[in-house]
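Coordinate inspection notes
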Amino acid sequence: VERFLEAFVAAVPSAGRGAPGAMVLLHDQTAVKRAERQRVDFLANASHELRTPLASLSGFLETLKGHARDDPEAREHFLTIMGAQAARMSRLIDDLSSLSRVEQNQHVPPTGVVDLAAVADDVSAALSPVADARGVAVHVDRRAPQALVVGDRDQMIQVVQNLVENAIKYTPRGGDVVVAVGAGAGARTAALGVGPLDGESTRLALVEPADMHGRFGWLQVRDSGPGIEPRFLPRLSERFYRVEEEETDAERAGTGLGLAIVKHIMSRHQGGFEVESAPGAGSAFTVFAPHGPGIADPPAAPSTGE
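Keep in mind the model is a prediction, meaning the values are calculated, not measured.

1. Regarding the packing of aromatic side chains
Tallying each qualifying case throughout the model produces 2 aromatic pairs. On the basis of an interplanar angle of 85° and a centroid distance of 5.3 Å, the ring pair of phenylalanine 216 and phenylalanine 288 is categorised as edge-to-face. Taken together, the residues span a long stretch of sequence, with phenylalanine 216 in strand β8 (residues 216–222) and phenylalanine 288 in strand β10 (residues 282–290) at a distance of 72 residues. Across the pair, phenylalanine 288 and phenylalanine 216 agree in class, each one buried.

Have a look at this one:
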């Protein structure tokens, strides 16, 4: 992790017959520098991403003031589009604020204990109305009764929520999203989750764990969507990057910040973040974090598939 230190050095005169010395004071400026950089990035990114929806809103307002003023059908159509654009701007501001908060503390590892299995249950229940509205079934597959990791519960909920929301968006009606959870695995085993996808898939690590020799709890979200071409995988966690540049489904269109937030949170947790995808066979996103000292591996539990 990049850090910034300010050093003050001063000579210390000798006292009596003692030899002269020196005093060094190190002041950690990392948080201050990050805050300055985030302010600049926030303004640049927000102004760029907000320009298009604001231009659309201005254009529709002019139209509503003009020939569409007395056309109820056109007025309703334009108001629907304006509502979608306003909602997109709101999501964008929320995601930018969330990303800034995550980056502010990225160099400070969490100290709490989180059960990924409980997080999976909570997120699946919270997103069930969204899944039902899109005709998608979400299943939690516990490979261990608990998956305790060192982490920040609120941030891990955000990680799982972002991954499950993406999976629901890209899964066709009648499809399934599986959230699998396990524990007591090494880094390579945790990164695989429940195993490779069907078909010729491509796997890529977006975040490598700090300690490859530790034991990890893991969570994997699999969708039954169209999959992602290998050439797009390296850029998935970039800010504002979206595979489909011209998204026609307003419900599917996102801000392009969800996976960037996941990447920064898993980096702070000194864990890993991997993606595997096969065109036509769906995608699988896996996150894993270390158990940490004092957290024993739980006994294995049979897969429930529910």
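Read on for the rest.
2. Side note on the environment of leucine 54
Along the chain, the position of leucine 54 falls in helix α1 (residues 30–65). Distance in space between the C-alpha atoms of leucine 54 and glutamine 85 is 8.0 Å, their sequence separation being 31 residues.

3. With respect to the pattern of salt bridges
Two side chains bearing opposite charge may form a pair once their charged atoms approach each other closely. A complete count under the given rule lists 8 salt bridges for this structure. Where aspartate 141 meets arginine 143, a salt bridge forms, and the shortest distance between an N and an O atom there is 3.0 Å. Judged by its relative accessible area of 7%, aspartate 141 falls in the buried class. Overall, the relative accessible area of 32% leaves arginine 143 in the partly exposed class. A salt bridge links arginine 203 to glutamate 276; its shortest N-O distance comes to 2.6 Å. Here arginine 203, found in strand β7 (residues 202–207), pairs with glutamate 276, found in strand β9 (residues 272–278); they are 73 residues apart in sequence, far enough to count as distant. Taking the relative accessible area as the measure of exposure, glutamate 276 reaches 2% and is therefore buried. Beyond isolated ion pairs, a larger network of salt bridges with shared partners links Arg203, Glu274 and Glu276.

4. Focus: the environment of serine 277
Structurally, serine 277 can be placed in strand β9. Linking serine 277 and leucine 197, residues 80 residues apart in sequence, is a C-alpha distance of 7.3 Å. Once you skip the residues sitting within four places of it in the chain, serine 277 turns out to touch Leu197, Ser201, Thr202, Gly227, Ile228, Leu233, Gly282 and Ser283. Of note is the side chain of serine 277, whose polar atom sits 2.6 Å from the backbone nitrogen of isoleucine 228. Within the local environment of serine 277, its side chain forms a polar contact with the backbone oxygen of glycine 282, the two atoms lying 3.3 Å apart.

Rules and cut-offs
- Residues numbered from 1 in each chain as written.
- Predicted model: local features only at pLDDT ≥ 70, side-chain atom pairs only at ≥ 80, totals over all residues.
- Heavy atoms only, no water.
- Phe/Tyr/Trp six-rings, centres within 6.5 Å; stacked < 30°, edge-to-face > 60°.
- Helix = DSSP H or I, 4+ residues; strand = E, 2+ residues; numbered from the N terminus.
- Buried < 20%, exposed > 50% of the residue type's maximum accessible area, 1.4 Å probe, protein only.
- Salt bridge = Lys/Arg side-chain N within 4 Å of Asp/Glu carboxyl O.
- Contact = heavy atoms within 4.5 Å.
- Polar contact = N/O pair within 3.5 Å; in protein donor to acceptor, adjacent residues only side chain to side chain.

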